[in-house]
Amino acid sequence: MVSLVPSLTEAIAETVPEVLVGVTDWCTRPVGLDLPRIGGTKNPALDRVLALTPDLVIANEEENRAPDLDALRTAGVEVLVTEVRDVPHAFRELARVLAACGANRRPRWLDEAEEAWWAPRPEPAATAVVPIWRRPWMVLGRDTFAGDVLARLGVRNLFGDHPERYPRIPLDGLRDAGPDLVVLPDEPYRFTAADGPEAFPGLPCALLSGRHLTWYGPSLAEAPRVLGEALRAALR
């Protein structure tokens, strides 16, 4: 298998590591992963992928570009494309990917992750804007996995009903939305204490682990605790 999705790479490597023959440059988990690199998620070197002669390429409908996946299919490679819009969907897709990779039993980490998220969605305790990029400013909109993660932690995305999934909103529009909180993950844009909060004076900012907010894999087991602690600290 070749994985073009960092979170799915981690899931496969933690479950059936022997099947992986290539991963992207952005596949950083598990730590110490030593496999051939085939480029980025948006710009994979297709010749490198084909040289590895995989039985299957694992992809995602928003992380990978359709023309690249079509080119792989044209070359005779089977491509499994995942689609994840919320937490329950993530668990279904993880099970599908692992089965396609030949896992003969359900991994313990997947059970632990589902248990961590078993509670029903709470009433919102805070509202937030969630930038994922700047120059230009882009935020989470409708039907996103990260938006559902936040909702299950009591944070309502103020742009969750926007017609677009990742709309461009001017900075003034983000401030004028009247959030209780600004959520700043460290991916895809790497927001830090010195890059992001200064744009929202007077508003609490939660600097979150992008792996726990946007990845669907083993990190889901600890995500409620890690993200919850960071959100509560920002709202104190």
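All values derive from a computational prediction rather than experimental measurement. (Residues numbered from 1 in each chain as written. Predicted model: local features only at pLDDT ≥ 70, side-chain atom pairs only at ≥ 80, totals over all residues. Heavy atoms only, no water.)

Asker: Please explain the packing of aromatic side chains as it appears in this structure.
Answerer: Two numbers describe a pair of aromatic rings. These are the distance of the centres and the angle of the planes. On inspection of all chains with the given rule, the structure shows five aromatic pairs. For the ring pair Trp137 and Phe191, a centre distance of 6.0 Å and an interplane angle of 15° mean the geometry is stacked. Of this pair, Trp137 sits in the loop between strand S6 (131-133) and strand S7 (138-139) while Phe191 sits in the loop between strand S9 (181-185) and strand S10 (205-208), and the two are 54 residues apart along the sequence. Ring centres 5.5 Å apart and planes at 80° place the aromatic pair Phe145 and Tyr216 in the edge-to-face group. Remark: Tyr216 occurs in the loop between helix H8 (210-214) and helix H9 (223-235) and Phe145 occurs in helix H6 (residues 145-151); sequence separation between them is 71 residues. Members of the aromatic cluster, joined through ring pairs, are Trp133, Trp137, Tyr189, Phe191 and Phe200. (Phe/Tyr/Trp six-rings, centres within 6.5 Å; stacked < 30°, edge-to-face > 60°. Helix = DSSP H or I, 4+ residues; strand = E, 2+ residues; numbered from the N terminus.)

Asker: What's the story with the sheet that holds strand S4 (residues 78-82) in this structure? I'm lost.
Answerer: Whether parallel or antiparallel, the strands of a sheet pair through hydrogen bonds between backbone atoms. Ordered in space as S2-S1-S3-S4, the four strands form an open sheet in which the pairing is parallel. The open sheet terminates on both sides in strands that have one partner only, identified here as strand S2 (22-23) and S4. Of the strands in this sheet, strand S1 (2-3), S2, strand S3 (56-60) and S4 are in contact with helix H1 (residues 6-15), which crosses S3 at around 135°. Contacting S3 and S4, helix H3 (residues 66-74) crosses the sheet at an angle of about 150° to S4. (Pairing = 2+ DSSP bridges. Contact = heavy atoms within 4.5 Å. Axes fitted to C-alpha atoms, helices over the stretch in contact; angles between N-to-C directions.)

Asker: What should I look at first to understand the side chain of His212 in this one?
Answerer: Along the polypeptide, His212 turns up in helix H8. Using a relative accessible area of 8% as the deciding quantity, one classes His212 as buried. In terms of polar contacts, His212 uses its side chain to reach the side chain of Glu222, at 2.7 Å. (Buried < 20%, exposed > 50% of the residue type's maximum accessible area, 1.4 Å probe, protein only. Polar contact = N/O pair within 3.5 Å; in protein donor to acceptor, adjacent residues only side chain to side chain.)

Asker: Any chance you could explain the layout of surface pockets here in plain terms?
Answerer: Size it by volume and the largest pocket reaches roughly 970 Å³. Forming the walls of the largest pocket are 26 residues, and the residues nearest its centre are Thr41, Glu63, Glu187, Pro188 and Thr214. Those elements that place two or more of their residues in the lining of the largest pocket are H1, S6, H6 and H8. Per-class residue counts for the lining of the largest pocket are 13 nonpolar, six polar and seven charged. The volume enclosed by the second largest pocket comes to roughly 270 Å³. Taken together, the elements giving at least two residues each to the lining of the second largest pocket come down to H6 and strand S8 (155-157). The class makeup of the residues in the lining of the second largest pocket is four nonpolar, six polar and seven charged. (1 Å grid on protein atoms, 1.4 Å probe; cavity = no way out; pocket = protein on both sides within 12 Å on 5 of 7 lines; lining within 4 Å. Points joined across faces, edges and corners; volume = space filled by probe spheres on them. Nonpolar A, V, L, I, M, F, W, Y, C, P; charged D, E, K, R; others polar.)

Asker: Mind showing me how you'd approach the packing of H1 against helix H4 (residues 87-100) here?
Answerer: Two packed helices can be described by the angle between their axes and the distance between those axes. Here H1 crosses H4 at 55°, and the two axes come no closer than 10 Å. Considering the angle they form, H1 stands oblique to H4. Handedness of the crossing formed by H1 with H4: right-handed. Together, Leu8, Ala11, Ile12 and Thr15 of H1 and Leu94, Val97 and Leu98 of H4 make up the contact between the two elements. Residues belonging to the contact of H1 with H4 are distributed by class as follows: six nonpolar, one polar and no charged. (Parallel < 35°, antiparallel > 145°, perpendicular 65-115°, else oblique. Left-handed = near helix turned anticlockwise from the far one by under 90°.)

Asker: I keep staring at the sheet that holds S9 and nothing clicks. Help me out?
Answerer: Across the sheet, four strands lie side by side as S8-S5-S9-S10; this open sheet has parallel pairing. In this open sheet, the two edge strands, each paired with only one partner strand, are S8 and S10. Sheet twist, expressed as the mean angle between neighbouring strand axes with direction ignored, is 35°. Here strand S5 (residues 126-129) pairs with S9 via two bridges, running parallel. In the strand pairing of S9, Ala128 is matched with Leu181. Along the sheet face, H9 touches S5, S8, S9 and S10 and points at about 160° away from the line of S10.

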